[in-house]
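Observations on the model geometry
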Amino acid sequence: MESAAVSAAPDPTLDPPLEQLRHLAGELRQLLPGVRVGEAQETTKEFDQEAFWRRLNEAAVTVSREATTLTVAFSRLPLPSPQETQRFCEQVRAAIKAIIAVYYLFPKDQGITLRKLVRSATLDIVDDMAQLVEALYINPAQSNPENLIPYNSVWDACQHIPQIPKDNKAAALSVLTKSVDLVKDAHEEMEQAVEECDPYCGLLNDIEEDTSDNHVDEEDILGCPNNRDSYWSEGDQELIIPCLALARASKACLKKIRLSVAENGKKDQVAQLDDIVDISDEISPSVDDLALSIYPPVCPLTVRINSAKLVSVLKKALEITKASHVTPQPEDSWIPLLINAVDHCMNRIKELTQNEVES
């Protein structure tokens, strides 16, 4: 009896349960930088694609299971003992390190684009698990929605693993489709602002309601654009026309590039697909920069600079696509046609901003 009592005694070297969770969250956070920059594990073995995806899926299922176990244990009283908490933490730690280890098995020669998608999915799982552990030690023993949100995030991130494209061509199409959607959204927002002829209409309407109720002068509100800053001049409106055309041409370029990859892309041409995706990935941020620069007060020189940056990216994307295997007939008319359209937009923007350059 005496020996049994001794064996059941709590280990005085163990931290309290919540302190153990706090340490675990910190450890998980420390793993993130390594995953972001970590290189693929070197091996002489031939890459077994089927085995890799099976192991990655299994690792994600294990993480999801451990997240559920931990959440249930710390969402009710009594809280787990220090010994039980230690076991829970070790299981979470092992599950996270296991999925990271599987990610490191994915070699670069299978495609940088696909490897980035696997890395991003792995990072999401590690980051979401860290947030869950943090939520549980901040709000323990509660069926708290604030705890369910990070738990659901872990679950969703694990469920996403089987949906990752399985080859670099599919990965390239996934990334290109996202870029097309982003540029489409940016172009539509630009068009909507122009159609309304008042980009700050919603903001000013909200302010007018507040000021009418409280007798506050708009000029006293920090950040409220005044008359001169909230509308386009005739010159601004003229300059916006070729900017809209340039955004529309950007969308057309991405759509044609995506179509070429879909129709002619080869799974084994991973380097060329990566090059196409890398340069195409720069189009959406460049369109965003141009879109932001057309909002009043408009600086024509900034519009010109952002337009030139976008044109440079578009031309490079078209040239890389033209030189790759996805364009079996480089003389295909759609590439020079789009280059001419882009040049026409840029020439018009230069004409309308020439005075700014010379002044």
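Here's a quick rundown of the structure. What you see as residue numbers is a count from 1 along each chain, following the sequence as written. Since the coordinates come from a predicted model, pLDDT governs what is reported: local features require at least 70, and pairs of side-chain atoms require 80 or more to be given and counted, while whole-chain, interface and lining totals use all residues. Excluding hydrogens and water, the side-chain values take into account all heavy atoms of the structure.

1. Description of helix H3 (residues 49-73)
A run of DSSP states H or I qualifies as a helix once it reaches four residues; a run of E qualifies as a strand once it reaches two. Both are numbered from the N-terminal end. Multiplying 1.5 Å by the helix residue count minus one yields the expected span of that helix. Over its 25 residues, H3 runs 36 Å from end to end, which matches the ideal 36 Å to within 8%, given 1.5 Å per residue. Between a side-chain oxygen at the N-terminus of H3 and the backbone nitrogen of glutamate 50 the separation is 3.3 Å; the capping residue is aspartate 48. Any pair of N or O atoms that falls within 3.5 Å is considered a polar contact. Within protein, one atom must be able to donate a hydrogen and the other to accept it, and sequence-neighbouring residues count only if both atoms are side-chain atoms.

2. Topic: the nonpolar core
Definition used in this section: a nonpolar core is a set of buried Ala, Val, Leu, Ile, Met, Phe, Trp, Tyr and Cys residues joined via side-chain atoms within 4.5 Å. We call a residue buried when its accessible area falls under 20% of the maximum for its residue type, exposed when it is over 50%, and partly exposed in between, using a 1.4 Å probe and counting protein chains only. Judged by nonpolar contacts, the single largest core of 46 residues is most densely connected at Leu246, Val261, Ile283, Val287, Leu310, Leu314 and Leu318. Elements represented by at least two residues in this core include exactly helix H7 (168-196), helix H10 (234-264), helix H11 (270-280), helix H12 (283-293), helix H13 (300-323) and helix H14 (334-358). For this core, the element with the most residues is H10, which contributes eleven residues. Any two residues having at least one pair of non-hydrogen atoms within 4.5 Å are treated as being in contact. Contact partners of leucine 318, with chain neighbours within four places excluded, come to Cys253, Trp334, Ile335, Leu338 and Ile339.

3. So, the state of the cysteines
Every disulfide links exactly two cysteines, by a covalent bond between their sulfur atoms. By convention in this document, the label disulfide applies to cysteine sulfur atom pairs within 2.5 Å. Here the structure, examined in full by the defined rule, presents zero disulfides. Cysteine 345 provides the cysteine sulfur closest to cysteine 253, a residue in no disulfide bond, and the two sulfurs are 9.9 Å apart. On the basis of relative accessible area, cysteine 253 is assigned to the buried category, the value being 1%.

4. Description of unusual backbone geometry
Omega for the bond connecting leucine 77 with proline 78 falls within 30 degrees of zero, at -5°, which places this linkage in the cis form. Tracing the chain through its elements places proline 78 in the loop between H3 and helix H4 (82-104). Looking along the chain, the bond that leaves proline 296 and enters proline 297 is cis, with omega of -5°. Within the fold, proline 297 resides in the loop between H12 and H13.

5. A closer look at the pattern of salt bridges
A side chain with one charge can pair with a side chain of the opposite charge if their charged atoms come near. The term salt bridge refers to a side-chain nitrogen of Lys or Arg lying within 4 Å of a carboxyl oxygen of Asp or Glu. If you walk through the whole model with that rule in mind, you get twelve salt bridges. Linking glutamate 19 and arginine 22 is a salt bridge whose minimum nitrogen-to-oxygen distance equals 2.5 Å. Of the two residues, glutamate 19 and arginine 22 both sit in helix H2 (residues 17-37), three residues apart, roughly one turn of that helix. Judged by its relative accessible area of 27%, glutamate 19 is partly exposed. By relative accessible area, arginine 22 is classed as partly exposed at 39%.

6. Some points on the packing of H13 against H14
Any two packed helices are characterised by the angle at which their axes cross and by the distance between the axes. Remark: H13 packs on H14, axes separated minimally by 9 Å, with the N-to-C direction vectors making an angle of 165°. Considering the angle they form, H13 stands roughly antiparallel to H14. Crossing geometry of H13 relative to H14 is assigned as left-handed. Only the stretch in contact is used when fitting a helix axis, every axis being a line fitted to C-alpha atoms; angles between N-to-C directions are given from 0 to 180 degrees. We call two directions roughly parallel when the angle between them is under 35 degrees, roughly antiparallel when it is over 145, roughly perpendicular when it lies between 65 and 115, and oblique otherwise. Throughout, a crossing is termed right-handed when the near helix is turned clockwise from the far one, and left-handed when it is turned anticlockwise from it by less than a right angle.

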